[in-house]
Amino acid sequence: MPSKEAPVADWVTIPDLYRDPFPIYERLRAEGGVHWVPAVGRYLITSYAAVHETELDQTVFSANERGSLQIRAMGHSMLRRDDPEHYLERKAWQPTLRPGVVKRHWQQVFERTAEQYLDEMVAKAQRGGDADLIWDFAAPFAAESLRQIIGLHSVSQQDLQRWSQTLIDATGNYADDPEVWAKGKRSFDEVDAVLDEMLPWHAANPNESLLSQLLRIPDYEMPMERIRANVKMTIGGGLNEPRDVLGVAAWGLLAHPEQRRAVEADASLWHAAFDETLRWIAPIGLYSRQTTRDVELTGVRLPAGARLGICILSANRDERVWDDAAAFDIRREVKPHLAFSKGVHVCLGAWVARSEVADVALPMLFERLRGLELVPEQPAEIGGWVFRGMLRLPVRWASVAPRTAADPGASAAPGTGQAVAPRIAVVGSGPAGCFTAHALRRRFPSAELDVLDALPVPYGLVRSGVAADHAGTKSVTAQFDRLFLREGVRFRGNLRLGTDVSLDALRGAYDAVVLATGMHADRGLGIPGAALDGVHGAGRITRLLNAHPDEGDAPSLGERVVVVGHGNVAMDLVRLLARDADGLEGTDVDDEAHARLAAGVRTIHVVGRSGPTAAKFDPVMVRELAGLPGVAHHVHGAALEALAEGKDARADAVRALSTASAASARVEVHWWFGLAPARIEGDGGVERVVFAGADGEVALAADAVVTAVGFEADADSPTVPGAHPDGRVEPGLYTAGWLRRGPRGTIPDQRTDARDLARAIADDIDSGAVALGAPGLQATTGEVGFDGWRRIDVLERLGAAPGRERVKLKAVERMLAAAADAGIPLPEVAEDAVGSGGGLPVTVLFGTESGGAELVADELRRALADRASVEVHDLAETDPAGLDPSRLHLVVCSTYGDGEVPTAARAFLRALQEQRPDLAGLRYGVFGMGDRSYTKTYSRGSELVDEALAARGAQRVGEYGRHDAGGPVPAAEAARDWADGVLSVAGAAVGV
C-alpha cells in the first residue's frame, strides 16, 4: 500500500484534550493513528502500532528534540538524549533505583512514609475535616518518598510537590502560557539553589540517596548542569507518576467493588491492579520525539525534523490490542502496556513506583481503612493529557484497623488456598497438566490432586512430542518430578479417558476436572495428492523418534524429503533428519527409528508461505541448524538484500544459513520462502510436490513429504479445542494447554496459562459455583503409580546404549511389567535433592539495563542458598576468561533496545567474540528476559550471549529459560522453576 501524507486534525483543541482526551484519541486511531495537529504544533502518534514502532529505533525517532519544552522547563536531561550520551547518564542514575536496592532499602522507607501520611489523613478526618485521598495521602506520600530517595534533606515534601507541579506544567505548556513559564522558572532556580547546598553535604556524608551515589560514580564525573537537569526531571516524573497511579488505582477499585473484593481476597492481584491502572490511564500521557530523516510510520510519510507527540494514553487503549479497552479490568488478559515506555528509554523509576504503590501504599490503604468508599455528593475529578491524574478524590471510611507487625506490602497467599481442600483431577500429564497441578498445589496447599494419563508413563509431550535431541527442553521433567515426590500430587497412569474411566465418572468423583489431553492428529494439507503413500505428519514422525508405543514401525523417507511448514516443529524435523549418529550423543532418540527414517536422506526442502520476517520459527532453532556439521544450506526467495542486518532476528538467522558451508556436505537443505503447496503428484506414491509462488509454480522432486502445518483434534478428544479460551467449560470442568487455546503455545506458555486457570477454579469455588465433597476415584485394576513409573525409568536408563540417555520401552505390556517388578530397585530420594543441585557451586551472572535481571539474580541467590554455594556477579564486571569451570554458571540476561545485549554487558560479549577464550568444560544455563511484543527481537540479547559462550566451547545444560515482561508470571517465579530444572540436570551429570 503506498504511503500518504498525514491528515490534519484541526478540530483538536488543547482544552478538550485536557478535559477528556479519550474520545479524541479514539477518532484519531480510527483515522489511522498519525495526524498533524495544529493546536499543539506537532504530529500526534496515537495507535499502539505506531507508538511501538517509534520506540524501536532511536536513530530515526530521536529523543533529542530541538526546541523541546522539557529542555526549556528542566534543562537537557537524559530523557532528551540518545545513546551513547543517554546511556552514560542513565547508568549514573541506576544504582539508587535498582530493584535490589529498592527492595532491600527503600521499601522500608516507603512503609514508614505511608504509615505517617495515612495516620495524618485519619487524624484530619477525626477532627471533622474532609479527606481527599490525593492531596491528603497520595501526593505527600509520593513527595516525601522522592525527597528521601534524592536526598534533598534541607527542604520539605511540600516544596517537592510545588516544584514537581510547576515543572511538569511547563513541560506540557503547549499553549505557551507566560504565567506557566514564570512559575516553572522560579522552581528551576530554587532546585539549583538547594543542590548547591546539598551536594557538599552528601560528599561528606555518603549514604543510599541519589545525590550521594552520583558523587561516587567510578570512572565518570557527571557535569553539574546535567546533574541539575536530571534531578529536575526526576522531581517531575518521580513524584507525579506514583501519585497519579495510586490515586487512579484507588478510584478504579472503589468504583468497581467486585474487583476490589477480588484484590482484597488475593494479595497477588495488587500488581495486576497496578499494571491495569497504568494501561487504563497512563500518568505520563505524552512525550516528544523528533524524526532525524524522512520516514514512513504505519503508512504515513513524515519529513525529517518532524516533531512528534507520542500519545501513551491513546496507545494503551487501542482497540486492536485490548478488548473493551476503555474498561478498568484487573482480570483482563495481560498484554504489554506502554506506560513505562520501552526500548532504551524504559522508565528508570519503574521499580520505585511499583514498590511504592503495589507493594506498600495500595495494600496498606485498603487494609487499614475499613469500609473505604467514594463520597457520592463530592464526585471525583480527573484531568490532563500530557500528564493525567486525579484532581480530587474525596473518600470516607467506617473504621480504622490498627497497624500490624506484618509487612503491609507483603503478598500473602490467597485466602482460598488456605481455607479449602478440594479434590481435583487433571487428565493428562504433559506440560499443561503438570503446570496446572503445580499451580493448583500453590493455590490449594491441602487439596487432593490426581494427575491421570492414558499411558503408564508421565510427561506426555515432553517424553514423546518434544524433539528427541533437545535434552534441555526435556529437563523440565525434573521440575515435574517434585510434584509427585515432594508435593503430594498423585500420578495415576494407565487410565485412559473414555475406556478405563468415563468423563461422567470423573466428574462425579472429583470436585473439579481439568482436561489437558492435548491435540495429537496432524493437520492435513487439503490439496490434491495429500493422501498418497509417502505423506507423513510431523507429529507422527516426532513420536516415532521418541519411541511412542502407539506408532508402530518407522518408514523410510528415501533420499529427497520435502518438509512443508516453517514453524518450530518443522525446524525440529529438519534438524533430526539432517543429524548423523554422532549428533545424537546424550539424547534419548530411538536409534532404530532414526536409522529407518533418516539413513537415506540426502536432500531436504523446507518450504513456507511467508518471507523470513513473518515465518513462525524461533530464530534460535534456525541458528542451530546453521551450525550442524556436514550440512550445506541453500536459501531461495528470501529477499534478504531488502532487509537491513541487525533489525530482524529471523532474517538474520536466515542470513546466517546463507553463509553456512560444509566442505563435504552429507545433507543439503534447501530453504524456500513465499511458496504455498498446490498439489502432490505421483503414481501411487509421492514423486514431486508443486508449490505456487509469486513467479509461478515450483516443482520439487520428492520421495516423501512431511507436513508440519499444525495439529487438530482426533476422534478421542474430550472437547472441541479452543472452544473455551478462558479454560472454563462450565464450573467444575476446565481445559488446559492446547485443548484450551488450540494448537499453539510453547511449554513456558503452559506455565502462564496454568496460573490463570488455577485462579479461575478458585473463583468458582469461592463463589459456590463448585461445591466440595466429592468422594474421589477408587483405585482401578492395572493403574500405575509414580513408583511404577520410576521402575520403568530405571529399566530404560539401565538399557541405554553407550552415548544414549535411555532406551524407551515401546510396548505398553513391557512398561506394565516393569512397573510391577518389585525387583527393580527404586532410587533413593534424598530429602533435599529433588530438583536441586545438592552442593554444586553456582555463579549467577546478570546482564541488565533497568535492573530486572539483577532482581532475578538476587532472588536466585536466596532461593538456592540452602542447596548450592551461590555467588552473584554483574556481567559488566566479569571477564569471560576468568570464569571458573568448576562452577555452574546461571546467566540471567535481558534484551535491550532493538535486540541487543544490555549496554553494560557488551564488553563481556565483545571479549567472548574477539579475545576468544577457551571455555571447554564450562557448563551454563541461560534465562532470557524480554518482551514478546517485540516479536522480532524478543529474548535476542540472551541468545547473543548464549551463542558466544557456545562458540568458545562452553556447554549449555537444561532448558533455555525465557520470561515475557508482559506476561502474568513474575520473572523471579519463572526463574526459580527454570533454575530447579538446570540444577537437576547439572547435579545428575556430576552425581550429586
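1. A closer look at the packing of helix H6 (residues 99-126) against helix H15 (residues 350-368)
Orientation of H6 relative to H15, taken along the N-to-C sense of each, is 35 degrees, at an axis distance of 9 Å. At the point where H6 passes H15, the crossing takes the right-handed sense. Together, Pro99, Val102, Gln107, Phe110, Glu111, Ala114, Glu115, Leu118, Asp119 and Met121 of H6 and Trp351, Val352, Ser355, Glu356, Asp359, Val360, Met364, Leu365 and Arg368 of H15 make up the contact between the two elements.

2. Considering the packing of aromatic side chains
All told, the structure shown has 17 aromatic pairs when counted by the stated rule. Residues Tyr459 and Trp789 carry aromatic rings whose centres are separated by 6.3 Å and whose planes lie at 85 degrees to one another, so their mutual orientation is edge-to-face. Of this pair, Tyr459 sits in the loop between strand S17 (448-452) and helix H18 (460-464) while Trp789 sits in helix H29 (residues 786-798); the two residues are 330 residues apart in sequence, bridging distant segments of the chain. Residue Tyr459 is classed as buried on the basis of its relative accessible area of 3%.

3. A few points about the sheet that holds strand S4 (residues 61-62)
Backbone-to-backbone hydrogen bonds join strands into a sheet, with any given pair of strands oriented parallel or antiparallel. The strand order S2-S3-S9-S6-S4 describes an open sheet built from 5 strands, whose pairing is mixed. Looking at the sheet topology across the chains shown, the edges are occupied by strand S2 (34-37) and S4. Both S2 and strand S3 (residues 42-45) contribute to a ladder of 4 bridges, which runs antiparallel. Each residue of the ladder has a partner; that of His35, found in S3, is Leu44.

4. Looking at the side chain of Ser164
Topologically, Ser164 is positioned in helix H8 (residues 157-171). Relative accessible area serves as the criterion here: at 1%, Ser164 is assigned to the buried category. Beyond its immediate sequence surroundings of up to four residues, Ser164 is in contact with Ile235, Gly236, Leu239 and Asn240.

5. What to know about the environment of Ala262
Looking at where Ala262 falls in the secondary structure, it is placed in helix H12 (residues 257-265). In this structure Ala262 comes out as buried when scored by relative accessible area, which is 15%. Apart from the residues lying within four places of it in its own chain, the contact partners of Ala262 are Leu269 and Arg331.

6. Considerations on the sheet that holds strand S8 (residues 300-302)
Spatially, 3 strands are ordered S1-S8-S7 in an open sheet, and the strand pairing comes out mixed. Looking at which strands have only one partner, the edges of the open sheet turn out to be strand S1 (4-5) and strand S7 (295-297). In the sheet, S1 pairs with S8 via 2 bridges, with the strands oriented parallel. Looking at the pairing, Glu5 lines up with Arg301 of S8.

7. A word on H8
A rise of 1.5 Å per residue sets the reference length of H8, with its 15 residues, at 21 Å; its end C-alpha atoms lie 21 Å apart and thus fit the reference within 8%. Turning to H8, its buried residues are Gln157, Leu160, Gln161, Trp163, Ser164, Thr166, Leu167, Ile168, Ala170 and Thr171.

8. A short note on the confidence of the model for the protein
In regions of low pLDDT, the predicted coordinates are not meant to be interpreted in detail. The predicted model of the protein averages 89 in pLDDT, with 93% of residues at 70 or higher. When the criterion is pLDDT under 50, residues 405-419 qualifies, and its contacts beyond four places in sequence or with other chains add up to 28 contacts. Low pLDDT (under 50) marks residues 832-837, which in the prediction has 16 contacts with non-local residues, meaning those over four places away or in another chain.

9. So, the pattern of salt bridges
Enumeration over the complete set of coordinates arrives at 80 salt bridges. Here Asp192 and Lys232 are joined by a salt bridge, their closest N and O atoms 2.8 Å apart. Taken as a pair, Asp192 in helix H9 (residues 178-204) and Lys232 in helix H11 (residues 224-255) lie far apart in primary sequence, 40 residues in all. Accessibility expressed as a relative area gives 14% for Asp192, which makes it buried. Judged by relative accessible area, Lys232 falls into the buried class, the value being 1%. With its nearest N and O atoms 3.9 Å apart, the salt bridge here joins Glu871 to Arg887. With Glu871 in strand S34 (residues 869-874) and Arg887 in the loop between S34 and strand S35 (888-894), the pair connects residues that are 16 residues apart, well separated along the chain. A residue is classified by how much of its surface remains accessible, and Glu871, at 35% relative accessible area, is partly exposed. One network of salt bridges, with partners in common, ties together Arg463, Asp793, Glu796, Arg797, Glu805 and Arg806.

Definitions and cut-offs
- Residues numbered from 1 in each chain as written.
- Predicted model: local features only at pLDDT ≥ 70, side-chain atom pairs only at ≥ 80, totals over all residues.
- Heavy atoms only, no water.
- Axes fitted to C-alpha atoms, helices over the stretch in contact; angles between N-to-C directions.
- Helix = DSSP H or I, 4+ residues; strand = E, 2+ residues; numbered from the N terminus.
- Left-handed = near helix turned anticlockwise from the far one by under 90°.
- Contact = heavy atoms within 4.5 Å.
- Phe/Tyr/Trp six-rings, centres within 6.5 Å; stacked < 30°, edge-to-face > 60°.
- Buried < 20%, exposed > 50% of the residue type's maximum accessible area, 1.4 Å probe, protein only.
- Pairing = 2+ DSSP bridges.
- Expected span 1.5 Å × (residues − 1).
- pLDDT = per-residue confidence, 0-100.
- Salt bridge = Lys/Arg side-chain N within 4 Å of Asp/Glu carboxyl O.

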